[in-house]
There are 2 protein chains.
Amino acid sequence: MPALKKKITKPPTAARMVEDIIGCKWSLTVLSLVRSGVKRPGAMQRRVEGLTAKVLNERLRKLLRYEIIEREVFAEVPPRVEYRLTEFGNRFGAVIDQITALDEERS
Amino acid sequence: MPALKKKITKPPTAARMVEDIIGCKWSLTVLSLVRSGVKRPGAMQRRVEGLTAKVLNERLRKLLRYEIIEREVFAEVPPRVEYRLTEFGNRFGAVIDQITALDEERS
């Protein structure tokens with residue numbers, strides 16, 4: 001019997017995440033919205049012109065996968081979904097700020 | 001007459017540098033040596049087993065290109081060469097420490 005092939009997705013390193021987030025304008029935008037306390041997808045879209053639901057959801061999923069943000073669903077009608085920064089995401093955001101500052105001071 | 005082709009090498013972004021340095025064991029080693037005040041290539045090699053002159057020089061050149069370290073040549077016989085961290089390199093090193101810590105606390 002052949003061995004089972006397990007598909008193991010290793011979480012990316014923090015350095016890889018940093019490059020991924022910094023290299024993607026929309027990821028930075030969504031991260032910045034959550035960091036500034038905007039919790040609901042609808043409110044995020046109203047804040048940023050050109051942010052489509054598709055792009056927003058993709059970026060939210062990525063930030064969730066990286067454990068930078070977390071998601072809470074409230075049992076209401078209609079159901080309410082909120083996103084907030086994790087403890088890791090808080091530190092991650094601070095690193096992003098510092099790297100952005102490094103680039104600014106060099107330019 | 002054909003237009004001159006200029007080869008413009010844009011400096012990498014800080015995020016790219018972070019990934020490059022963190023992804024390369026020897027770059028991290030050499031950066032850590034310079035950060036701890038080891039100035040001369042000979043002393044660096046004596047400190048680290050397996051660090052060849054070729055690998056050391058490549059990593060020093062990369063750190064110089066990134067302006068993380070700087071190089072001073074003293075007019076002595078034989079000439080003395082010393083490396084030290086730049087102001088940028090100092091802040092860059094602090095960011096590297098934080099990203100390494102992020103990975104450690106997730107594992």
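Residues numbered from 1 in each chain as written. Chains lettered and ligands numbered in written order. Predicted model: local features only at pLDDT ≥ 70, side-chain atom pairs only at ≥ 80, totals over all residues. Heavy atoms only, no water.

An unreviewed UniProt entry lists chain A under the name Winged helix-turn-helix transcriptional regulator, with Steroidobacter flavus given as the organism.

Digging into the relation of the copies chain B and chain A
Here the two chain copies are tied together by a rotation about an axis and a shift along that axis. For clarity, the threshold we go by: Here the copies are superposed with least squares, the fitted atoms being C-alpha atoms of residues at a pLDDT of at least 70 in both.
After a rotation of 180° and a shift along the axis of 0.0 Å, chain B superposes on chain A with an RMSD of 0.0 Å. This pairing of chains is accounted for by a two-fold axis.

Considerations on the packing of aromatic side chains
Residues and elements named next belong to chain A. To keep things clear, this is the line we draw: Only Phe, Tyr and Trp rings are paired, with Trp represented by its six-membered ring, and only when their centres lie within 6.5 Å; those with planes under 30 degrees apart are stacked, over 60 edge-to-face, the remainder tilted. What counts as a helix is a DSSP run of H or I of at least four residues, what counts as a strand is a run of E of at least two, and both are numbered from the N terminus. We count a charge as sitting over a ring when the NZ of a lysine or the CZ of an arginine lies within 6 Å of the ring centre and within 35 degrees of the ring normal.
All chains considered together, the criterion is met by two aromatic pairs over all chains. Each ring, one from phenylalanine 88 and one from phenylalanine 92, has its centre 6.0 Å from the other, and the planes form 35°; the classification is tilted. Residue phenylalanine 88 and its partner phenylalanine 92 are located together in helix α5 (residues 87–106), separated by four residues, close to a single helical turn. Above the plane of the ring of tryptophan 26 lies lysine 25, whose end atom (NZ or CZ) is 4.5 Å from the centre.

Describing the nonpolar core
Just so we agree on the cut-off: To form a nonpolar core, buried Ala, Val, Leu, Ile, Met, Phe, Trp, Tyr and Cys residues must be joined to one another through side-chain atoms within 4.5 Å. Only protein chains enter the accessibility calculation, which uses a 1.4 Å probe; a residue is then buried when its area is under 20% of its type maximum, exposed when over 50%, and partly exposed in between. Contact between two residues is taken to exist if any of their heavy atoms lie within 4.5 Å; hydrogens are not considered.
Counting residues in each nonpolar core, the largest one holds 60 residues, and the members touching the most others are Phe92(A), Ile68(B) and Phe92(B). When near neighbours in sequence (up to four residues on either side) are disregarded, Phe92(B) contacts Leu102(A), Ala14(B), Met17(B), Val18(B), Ile21(B), Leu31(B) and Ile68(B).

What to know about the interface of chain B and chain A
Selection criterion: Defined here as a combined quantity, buried area equals the accessible surface (1.4 Å probe) lost by two parts on assembly, summed across both. When a carboxyl oxygen of Asp or Glu is within 4 Å of a side-chain nitrogen of Lys or Arg, the pair counts as a salt bridge. Any pair of N or O atoms that falls within 3.5 Å is considered a polar contact. Within protein, one atom must be able to donate a hydrogen and the other to accept it, and sequence-neighbouring residues count only if both atoms are side-chain atoms. Each residue gets one label: Ala, Val, Leu, Ile, Met, Phe, Trp, Tyr, Cys and Pro are nonpolar, Asp, Glu, Lys and Arg are charged, and the others, such as Gly, are polar.
Each partner contributes to the interface: chain B provides 20 residues, whereas chain A provides 20 residues. Summing both partners gives a buried area of about 1,800 Å² for chain B against chain A, and 65% of it is carried by carbon and sulfur. The largest contributions to the chain B side of the interface with chain A come from Glu19(B), Leu102(B) and Arg106(B), which together make up 31% of the buried area. With its nearest N and O atoms 2.2 Å apart, the salt bridge here joins Arg91(A) to Glu105(B). The interface formed by chain B and chain A contains five residue pairs in polar contact (both at pLDDT 80 or more). Sort the elements by how many residues they give to the side of chain B that touches chain A and helix α5 (residues 87–106) of chain B lands first, with 10 residues. Looking at the side of chain B that touches chain A residue by residue, the classes come out as 12 nonpolar, two polar and six charged.

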